Amino acid sequence: MGNLTYSQVTKNLFTAVLVSAGCSIVAGLCGLFWLVPAFAIIALIFNLGTIGANIWFFISLGNWKTVVDSNDVPAVQKLWIGTLLSIIAGVVGLIPIIGTYLGALVAIAGFVFYVMGAGELKISTTLPANGVEGAKKLHTACILSLIAAVLLIIPFINILGGIISIVACVLQILAWKKIATA
């Protein structure tokens with residue numbers, strides 16, 4: 001682990017994002033047919049894959065802190081904290097009744113940290129140029145995710161929130177690809 005390079009770590013981050021997105025999509029599609037036992041089992045397997053990919057992403061962020069310039073460590077630390085809180089929110093959300101609300105609060109806190117980290121990286125003077133461009137896209141994806149979350153709870157225009165959410169997901173993948181190729 002002591003010989004990690006920026007390229008190795010960011011490629012791991014990008015791959016973890018891709019695996020997480022892919023597993024989430026398959027789990028969501030299979031979840032539509034949850035009454036069919038085979039689809040419910042497949043959805044569960046891919047949900048576990050999403051959890052695994054998020055843990056891999058979290059570990060890779062920890063590694064990224066060791067290979068970026070010291071000026072960028074605080075920003076990456078915020079991404080790391082945001083991801084940790086997101087994972088905790090998922091676990092807390094499993095607690096009946098109160099877990100839903102407590103998990104949502106923890107998820108919001110995690111999102112705030114993540115947005116702050118992406119915002120700091122987009123103005124970095126020490127991150128490679130493609131990394132900064134990727135961070136700008138990542139920050140934009142975060143803002144679009146927030147807009148989508150708000151629109152998803154409003155009846156009749158929630159379809160617009162779904163579309164924006166898909167755009168944000170694609171933009172996040174493109175952002176991490178840009179960071180990985182920096």
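Just above, that's the structure.
Here is what the cut-offs are and how they apply
Residues numbered from 1 in each chain as written. Predicted model: local features only at pLDDT ≥ 70, side-chain atom pairs only at ≥ 80, totals over all residues. Heavy atoms only, no water. Helix = DSSP H or I, 4+ residues; strand = E, 2+ residues; numbered from the N terminus. Rg over C-alpha atoms; globule rule 2.2 N^0.38 Å. Contact = heavy atoms within 4.5 Å. Areas by Shrake-Rupley, 256 points an atom, 1.4 Å probe, with all protein chains shown as cover. Lys, Arg positive; Asp, Glu negative; His and termini not counted. Charge placed at Lys NZ, Arg CZ, Asp CG, Glu CD. Axes fitted to C-alpha atoms, helices over the stretch in contact; angles between N-to-C directions. Parallel < 35°, antiparallel > 145°, perpendicular 65-115°, else oblique. Left-handed = near helix turned anticlockwise from the far one by under 90°. Nonpolar A, V, L, I, M, F, W, Y, C, P; charged D, E, K, R; others polar. Buried < 20%, exposed > 50% of the residue type's maximum accessible area, 1.4 Å probe, protein only. Phe/Tyr/Trp six-rings, centres within 6.5 Å; stacked < 30°, edge-to-face > 60°. Salt bridge = Lys/Arg side-chain N within 4 Å of Asp/Glu carboxyl O.

## What to know about the overall build of the protein
Part 1: When you go through the protein residue by residue, the secondary structure sums to 6 helices and 0 strands.
Part 2: Beginning at the N terminus, the succession of helices and strands in the protein can be written as α-α-α-α-α-α.
Part 3: Taking 2.2 N^0.38 as the reference for a compact globule, 182 residues should give roughly 16 Å; the C-alpha atoms of the protein span a radius of gyration of 17 Å, in line with that estimate.
Part 4: Counting only C-alpha atoms and orienting by the principal axes, one finds that the protein spans roughly 50 × 35 × 30 Å.
Part 5: Put simply, 67% of the contacts in the protein that link residues at least 6 apart link residues at least 24 apart.
Part 6: Just so you have it, the protein exposes about 10,100 Å², and 76% of that area is on carbon and sulfur atoms.
Part 7: If the 8 positive side-chain charges of the protein are averaged to one point and the 4 negative ones to another, these points end up 9 Å apart.

## Re the packing of helix α1 (residues 6-31) against helix α6 (residues 158-180)
Geometry of a packed helix pair, given as the angle between the helix axes and the separation of the axes.
Part 1: One can describe the packing of α1 onto α6 by two numbers: an axis separation of 8 Å at closest approach and a directional angle of 165 degrees. Accordingly, the angle class assigned to the pair α1 and α6 is roughly antiparallel. Between α1 and α6 lies a crossing of left-handed hand. Contacts between α1 and α6 pair Y6, T10, K11, L13, F14, V17, L18 and A21 from the former with C169, I173, W176, K177, I179 and A180 from the latter.
Part 2: Each residue belonging to the contact of α1 with α6 can be placed in one class, and the counts come to 11 nonpolar, 1 polar and 2 charged.

## Digging into unusual backbone geometry
Part 1: With phi around 60 degrees, I97 is a residue other than glycine that occupies positive phi space.
Part 2: Along the chain, I97 falls in the loop between α3 (73-92) and α4 (98-121).
Part 3: Its identity as a non-glycine residue notwithstanding, F156 has a phi of 75 degrees, on the positive side.
Part 4: Structurally, the position occupied by F156 is in the loop between α5 (129-152) and α6.
Part 5: According to the relative accessible area criterion, F156 is exposed, its value standing at 81%.

## Here we look at the packing of aromatic side chains
Part 1: Applying the stated criterion across every chain yields a total of 5 aromatic pairs.
Part 2: Taken together, a centroid distance of 6.2 Å and an interplanar angle of 55 degrees make the contact between Y6 and W64 tilted. Of this pair, Y6 sits in helix α1 while W64 is found in helix α2 (residues 37-67), placing the two residues 58 residues apart along the sequence.
Part 3: Judged by relative accessible area, which is 16%, Y6 ranks as buried.

## Structural notes on the pattern of salt bridges
Part 1: One pass over the full model with this rule turns up 2 salt bridges.
Part 2: Put simply, K78 and E120 hold a salt bridge, and the shortest N to O gap is 2.8 Å. With K78 in helix α3 and E120 in helix α4, this residue pair connects regions lying 42 residues apart in the sequence.
Part 3: On the accessibility criterion, E120 (30% relative accessible area) is partly exposed.

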